[in-house]
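Next come the chains, spelled out residue by residue.
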Amino acid sequence: MDLILVLALLTPPFAAALLALVVRREPGRVAWLNALTMPVSFATAAAIAVRLAEGGAPVVVGDLWRLDALSALLAVLVSGVATLAAALGPGLDRGHRVPAGETRTFRLWANLFAFTMLVAVSTGNLGVMWVAIEATTVTSALLIPLRRTKASVDASWKYLLIGSVGIALAFTGTVLAYVDFATTGADINVALHWTSLRAAATALHPQVARLAFVFLLVGFGTKAGLAPMHMWLPDAHSEAPSPLSAMMSGVLLAVALYAIVRWKTIVDLAVGSAFSDSLLIIVGMTTAAVGSFSLLSQTHFKRLLAFSSIEHMGLACFGLALGPLGVFAALLHLSAHALAKSAAFLLSGRVLERYGSGTIAGARGLLVTAPHTAVLFAAGIFALGGLPPFGLFLSEILIVKAGWEAGHPVLTGIVLVLLLVAFGSLLVQLHRMLFGAAAPGVVRGERATVSVVLLAIPVMLLVWLGVSMPPQLQSLLNHAVLVVRP
Amino acid sequence: MDATFSRLTMTAASAMLLLALVVLWRRHVSAYITAFRTQSVVLAFVGGVVAWYGHVPELFFVSVVILILKGWIVPWVLSGMETRRHSARELHPLVNTETSLLVCGALAVAAYEISRPLAEVMNLATRGGLPVALALIFVSLFIVVSRREAIAQIVGFLMLENGIALLALLGAYGVPLVVEMGVFLDVLLGVLVMQAVVYHIYETSAD
């Protein structure tokens, strides 16, 4: 049974990538098949999540695969955003034709990218998790310059190099932890398995475990866009084709934070949580500050969204250091952010298409030219600004509450200020886009197509999250917190 | 027996670090590639030595893969890129040679300091080489950040990978085979994708 679940989760993106590679003609059909089969992956992830939310046993297959509540949450997010991206990616919209080569390239790499992220969260071997996260860089980098502009090629190179070097440092940390484990005399064949690592964690040498965690935090932190290793992120996320931006911003950052959380759990058992908590607080606060203060000066709307991702990763990182309530809030924050940011990036693709320009000043009068897109985009920005009734409002309140209860009143005050700065900046920027007179020549009016309906789904889910959290999700998050803080 | 083992690995590890330093004063890409190729061969040798003295037969297999992948395929891909670059002109690092060597000296000292707790908890014959492996990691990082040309940055990145592989070999006689194979796959794919992106860079900057 568990084997079927893992297969159903991982096969759809992998098969679609293979198909895109093999089938040279008619990539449109591959795209259709991709859009129709990705929901299988999502439904499987949801089924696994429900099982774990009800207190069921982790999904375990052999030595390699193991999904507990934390993995299941991430699997739902990754497969959900990948499904949305598959449905809205190039090759499906008859009204908007793209070159066949572009469709094929997109379907190949975007599906491999989704596949590597799903492998990263469903494996129980932290070495394989590293391999999969390294592979996410490789599979996404070639897709950034889908249209070969100089800016996109440069962004791709920056991302590839900084990402690879960062992730190599994470591997150094993994190897250090493994070396430490090997010296405890345990069976090294299972050394990087989550369960055996956790069982042996208390026997690890504190000094080595601390050293390993620093490498792991810097390494995976680079992929998660944590300051000061975030320089690649605004370029890569803004130059990528919008469905890829949605996946990179919405879930790849969360997957990288997930890796940090896994290792934090091990290291906390070895040296106590004070060490990793203080590091995460410093890095998280810096990242949130960099993100929120950069918002107002942005001139391109996709860069605006990218800096907003940096801000939110900082907040989540801060939350992870604040005890069980903080971890709960951070995981909820990552979930809500995945919804809001993927919707916003996909909508920004529509804006870009309509105006032919990525500048905020050039996209004036959005409410008149594309009313549906405008309303949904505004909802997305409101959500990212932390306004009720959206889910991010709830998670931000919980992070603040956790910070207060964990005895960090000053830091919590600073976080509140950062939240206000981010909210104000986003609102000013949104106002610049929604109103005013559109440049002559821009097409006015918009039909309510299937794409619009699909894009309304994450926005409605955000409202649902914020108004009344589904009990299953609450239970899943509680179980995930237990994984991190046993 | 242990003394020979320890001396062999220590000498080889030091040779790998020296080969990374070569990059700091040479100005031609071909020299970079040769240094990397030689370094990879030495890494494969370390793998063989650890396999023999440490009684880990699967490391022989890993060494052969290192030899084929990093000693042959990857340098070949890099040479192809150098040909495509159309110019044998000198590389211009952001930091001059004298400063580079001084910085790397400091990095090596830092590596010794940082790896002290590691050497204290270990009783393997190979532990003496751990600071050298860490120094190689730091020096490679410095190569990546201090070079401007993409191809030199790739060589730095690959040497970083070699440093981590050395750390794993000396510290724990290699990581589990499934992880090792995954790493090889990532290196191969990574280099190919880097090559593709660098070709895009050449194309777009030619316009």
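This one's a predicted model, so the numbers in the text were calculated from it and none came from an experiment. Each chain has its residues counted from 1, running along the sequence as written. Written order determines the labels here, with chains lettered from A and ligands numbered from 1. For a predicted model such as this one, the threshold for reporting local features is a pLDDT of at least 70, and the threshold for listing and counting side-chain atom pairs is 80 or more; totals across whole chains, interfaces and linings nevertheless cover every residue.

Visitor: Looking at this model, I keep getting lost on the overall build of chain B. Mind explaining?
Guide: Secondary structure follows DSSP: runs of H or I at least 4 residues long count as helices, runs of E at least 2 residues long count as strands, and numbering of each begins at the N terminus. Per the secondary structure count, chain B includes eight helices and zero strands. The order of α-helices and β-strands along chain B, N terminus first, is α-α-α-α-α-α-α-α. For the radius of gyration, the atoms used are the C-alpha atoms, and the globule rule reads 2.2 Å times the number of residues raised to 0.38. Relative to the compact-globule value of 17 Å for 207 residues, chain B shows a C-alpha radius of gyration of 17 Å, a close match. Expressed along its principal axes, the backbone C-alpha trace of chain B runs to roughly 60 × 35 × 20 Å. Counting only residues that meet the buried cut, chain B has 48% of its 207 residues in that class. In chain B, the proportion of contacts linking residues at least 24 apart, taken out of those at least 6 apart, comes to 74%. A residue is called partly exposed when the number of other C-beta atoms within 10 Å of its own lies between 12 and 20, exposed at 12 or fewer, and buried at 20 or more, with C-beta atoms placed from the backbone. Two residues form a contact once the distance between their C-beta atoms, set from the backbone, is within 7 Å.

Visitor: Hey, could you run me through the overall build of chain A in this one?
Guide: Across its full length, chain A carries 19 helices and two strands. Taken against the 2.2 N^0.38 rule, which gives 23 Å for 486 residues, the C-alpha radius of gyration of chain A at 21 Å falls within 12% of a compact globule. Long-range pairs, those at least 24 residues apart, make up 80% of the contacts in chain A between residues at least 6 apart in sequence.

Visitor: Sorry if this is basic, but what is going on with the domain arrangement of chain A here?
Guide: Buried accessible area, meaning the area lost when the parts come together, often serves as the stated size of an interface. Residue and element names in this part refer to chain A. Residue ranges assigned to each domain were obtained from an automatic or database domain assignment. Taken domain by domain, chain A comprises domain 1 (1-124), domain 2 (125-271) and domain 3 (275-486). Contacts between the two partners involve 27 residues from domain 1 and, on the opposite side, 26 residues from domain 2. Elements with a contribution of two residues or more to the side of domain 1 that touches domain 2: helix 3 (69-88) and helix 4 (100-122). The greatest single-element share of the side of domain 1 that touches domain 2, amounting to 13 residues, is contributed by helix 4.

Visitor: It is not clear to me how unusual backbone geometry should be interpreted in this structure. Could you clarify?
Guide: Glycine aside, residues mostly have negative phi, and peptide bonds are mostly found in the trans state. Ala227(A) connects to Pro228(A) through a cis peptide bond whose omega is 0°. You can see Pro228(A) is positioned in the loop between helix 8 (206-223) and helix 9 (232-239). The phi torsion at His55(B) lies on the positive side, around 55°, for a residue other than glycine. His55(B) sits in the exposed class, given 9 other C-beta atoms within 10 Å. Its identity as a non-glycine residue notwithstanding, Tyr173(B) has a phi of 55°, on the positive side.

Visitor: Quick question: what am I supposed to make of the interface of chain A and chain B here?
Guide: Listed as interface residues are 34 residues of chain A and, on the opposing side, 36 residues of chain B. Put simply, the parts of the chain that give the side of chain A that touches chain B at least two residues each are helix 5 (126-141), helix 6 (150-183) and helix 8 of chain A. The greatest single-element share of the side of chain A that touches chain B, amounting to 16 residues, is contributed by helix 6 of chain A.

Visitor: I tried to follow the packing of helix 5 of chain A against helix 10 (residues 242-271) of chain A on my own but got confused; where do I start?
Guide: For any two helices packed against each other, the geometry comes down to the angle between their axes and how far apart the axes lie. Residue and element names in this part refer to chain A. Axis definition: a line fitted to C-alpha atoms, limited for helices to the stretch in contact. Angles are taken between N-to-C directions and run from 0 to 180 degrees. The contact between helix 5 and helix 10 brings their axes to 11 Å, and the two run at 160°. Taken as axis vectors, helix 5 and helix 10 run roughly antiparallel relative to one another. Viewed along their axes, helix 5 and helix 10 form a crossing whose handedness is left-handed. Residues Leu-126, Met-129, Ile-133, Thr-136 and Ser-140 of helix 5 pack against Leu-244, Met-248, Leu-252, Val-255, Ala-256, Ala-259 and Arg-262 of helix 10. In terms of residue class, the contact of helix 5 with helix 10 is built from nine nonpolar, two polar and one charged. Between 65 and 115 degrees an angle is taken as roughly perpendicular, under 35 as roughly parallel, over 145 as roughly antiparallel, and anywhere else as oblique. Each crossing is labelled by how the near helix is turned from the far one, with a counterclockwise turn of less than a right angle marking it left-handed and a clockwise turn marking it right-handed. Put simply, Ala, Val, Leu, Ile, Met, Phe, Trp, Tyr, Cys and Pro go in the nonpolar bin, Asp, Glu, Lys and Arg in the charged bin, and everything else, Gly too, in the polar bin.

Visitor: How should the environment of Ala363(A) be read in this particular structure?
Guide: Residues and elements named next belong to chain A. As for its placement among the helices and strands, Ala-363 is situated in the loop between helix 13 (323-355) and helix 14 (366-369). For Ala-363, a count of 28 C-beta atoms within 10 Å puts it in the buried group. Separated by twelve residues in the primary sequence, Ala-363 and Val-351 place their C-alpha atoms 7.4 Å from one another. Ignoring any residue separated from it by four or fewer positions in sequence, one finds Ala-363 in contact with Phe-301, Val-351, Tyr-355, Ser-357 and Met-433.

Visitor: Honestly, the packing of helix 6 of chain A against helix 8 of chain A in this entry has me stumped. Any pointers?
Guide: All names here are of chain A. Between helix 6 and helix 8, the least distance of the axes is 7 Å, while the angle of their chain directions is 155°. Here helix 8 runs roughly antiparallel to helix 6, going by the angle between their axes. Like other packed secondary-structure pairs, helix 6 and helix 8 cross with a definite hand, here left-handed. Contacts from Ile-162, Gly-163, Gly-166, Ile-167, Leu-169, Ala-170, Thr-172, Gly-173, Thr-174, Leu-176, Ala-177 and Asp-180 in helix 6 reach Val-208, Ala-209, Leu-211, Ala-212, Phe-213, Phe-215, Leu-216, Val-218, Gly-219, Phe-220, Thr-222 and Lys-223 in helix 8. Counted by class, the contact of helix 6 with helix 8 contains 15 nonpolar, seven polar and two charged residues.

Visitor: Hey, could you run me through helix 10 of chain A in this one?
Guide: All names here are of chain A. In this model helix 10 runs 42 Å from its N-terminal to its C-terminal C-alpha over 30 residues, within 8% of the 44 Å that 1.5 Å per residue would give. When you tally the buried positions in helix 10, you get 29 out of 30 residues, the bulk of the element. Backbone geometry just downstream of helix 10 places Gly-272 in the positive-phi region, at approximately 85°. By this rule the span expected of a helix is its residue count minus one, scaled by 1.5 Å.

Visitor: How should I be thinking about the environment of Leu130(B) in this particular structure?
Guide: All names here are of chain B. On the secondary structure map, Leu-130 appears in helix 6 (residues 130-146). Residue Leu-130 is classed as buried on the basis of its 24 C-beta neighbours within 10 Å. Put simply, Leu-130 and Leu-166 are 36 residues apart on the chain and 8.2 Å apart in space, counted from C-alpha to C-alpha. When neighbours within four sequence positions are excluded, Leu-130 is seen to be in contact with Ser-115, Leu-118, Ala-119, Leu-167, Leu-170 and Gly-171.

Visitor: What's the story with helix 1 (residues 2-25) of chain B in this structure? I'm lost.
Guide: In an α-helix there are 3.6 residues to a turn, and that puts residues three or four apart on one side. Under the 1.5 Å per step criterion, the end-to-end length of helix 1 of chain B is 36 Å for 24 residues, consistent within 8% with the ideal 34 Å. As for helix 1 of chain B, its buried residues are in contact with helix 2 (29-53), helix 4 (97-114), helix 6 and helix 7 (150-172) of chain B.

Visitor: Would you mind going over the nonpolar core with me for this structure?
Guide: The nonpolar side chains of a soluble globular protein tend to be buried with one another. Grouped together as the largest cluster of nonpolar side chains are 270 residues, with contacts concentrated most on Val78(A), Met247(A), Val255(A) and Leu257(A). Other than its neighbours up to four places away in sequence, Leu257(A) contacts Ala224(A), Met313(A), Ala316(A), Cys317(A) and Leu334(A). Any nonpolar core is a set of buried residues, restricted to Ala, Val, Leu, Ile, Met, Phe, Trp, Tyr and Cys, that join up through C-beta atoms within 7 Å.

Visitor: Sorry, what's going on with the confidence of the model for chain B here?
Guide: Segments scoring low in pLDDT should not have their predicted coordinates read at a detailed level. Taken residue by residue, chain B gives an average pLDDT of 90. The fraction at 70 or more is 96%. Confidence estimates for the predicted assembly give a pTM of 0.95 and an ipTM of 0.93. What pLDDT conveys is the predictor's confidence in a given residue, as a value from 0 to 100.

Visitor: Explain the environment of Gln153(B) to me, please; I cannot follow it from the model alone.
Guide: Mapping Gln153(B) onto the fold places it in helix 7. With 22 C-beta atoms counted inside 10 Å, the residue Gln153(B) sits in the buried group. Residues in contact with Gln153(B), not counting those within four places in the same chain, are Leu161(A), Val144(B) and Arg147(B).

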